[in-house]
Amino acid sequence: ETMELVRIHGSDNIGHCIPMHQFTHDQEGNQIVDHILHLENISAEFPELMKLYGLDDKIELGHANSVNKEIVLLSVQNLTQNNLMRVNEWAKLDCEYFSYDKIMTSR
């Protein structure tokens, strides 16, 4: 049932599976927020943003990681070609707006 909601509406009823561009861009693709930070670069981008607003000595980014990397067994390698194509289609605008590469579907 949840996957059917995601397929039809792009998300389920509790907010999972919502592409990030829906929070940052309007229907025409115009960016509607002033700043976008990338999680993979957050330790560099956040301090620069704080500096921009004169807050570099007032706000420190905390870190909490609840994932035990030793037991994570599922990866993109476990996805079928069909599912990889679905992920790429679902994330198409996120990839475009945030300069991410799509997942390679040929192995």
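Remember, predicted model here, so these are calculated numbers, not experimental data.

## Section: the overall build of the protein
Now for step 1: Looking only at helices and strands, the protein features five helices and zero strands.
Now for step 2: Each helix and strand of the protein, ordered N terminal to C terminal, gives the series α-α-α-α-α.
Now for step 3: The proportion of buried residues among the 107 residues of the protein is 20%.
Now for step 4: In the protein, 34% of the contacts between residues at least 6 apart in sequence involve partners at least 24 apart.
Now for step 5: By element, 55% of the accessible surface of the protein is carried by carbon and sulfur atoms, the whole surface being about 9000 Å².

## Concerning helix 3 (residues 42-52)
Now for step 1: Every buried residue of helix 3 is accounted for by Phe 46, Leu 49 and Met 50. The arc that holds every buried residue of helix 3, seen down its axis, measures 100 degrees, which confines them to one face.
Now for step 2: Backbone geometry just downstream of helix 3 places Gly 54 in the positive-phi region, at approximately 70 degrees.

## Concerning the side chain of His 21
Now for step 1: Among the secondary structure elements, His 21 is positioned in helix 2 (residues 21-24).
Now for step 2: His 21 gets classed as buried once you look at its relative accessible area, which sits at 12%.
Now for step 3: Not counting residues up to four positions away in its chain, the partners in contact with His 21 are Leu 93, Asp 94, Tyr 97 and Phe 98.

## Some points on the environment of Asn 83
Now for step 1: With respect to the helices, strands and loops of the structure, Asn 83 is situated in helix 4 (residues 81-90).
Now for step 2: With 22 residues separating them along the chain, Asn 83 and Thr 105 place their C-alpha atoms 9.1 Å apart.

## A closer look at unusual backbone geometry
Now for step 1: Unusually for a residue other than glycine, Ser 99 sits at a positive phi of about 60 degrees.
Now for step 2: Within the secondary structure, Ser 99 is located in the segment after helix 5 (92-98).
Now for step 3: Judged by relative accessible area, Ser 99 falls into the exposed class, the value being 66%.

About the thresholds
Residues numbered from 1 in each chain as written. Predicted model: local features only at pLDDT ≥ 70, side-chain atom pairs only at ≥ 80, totals over all residues. Heavy atoms only, no water. Helix = DSSP H or I, 4+ residues; strand = E, 2+ residues; numbered from the N terminus. Buried < 20%, exposed > 50% of the residue type's maximum accessible area, 1.4 Å probe, protein only. Contact = heavy atoms within 4.5 Å. Areas by Shrake-Rupley, 256 points an atom, 1.4 Å probe, with all protein chains shown as cover. Arc of directions from axis to C-beta.

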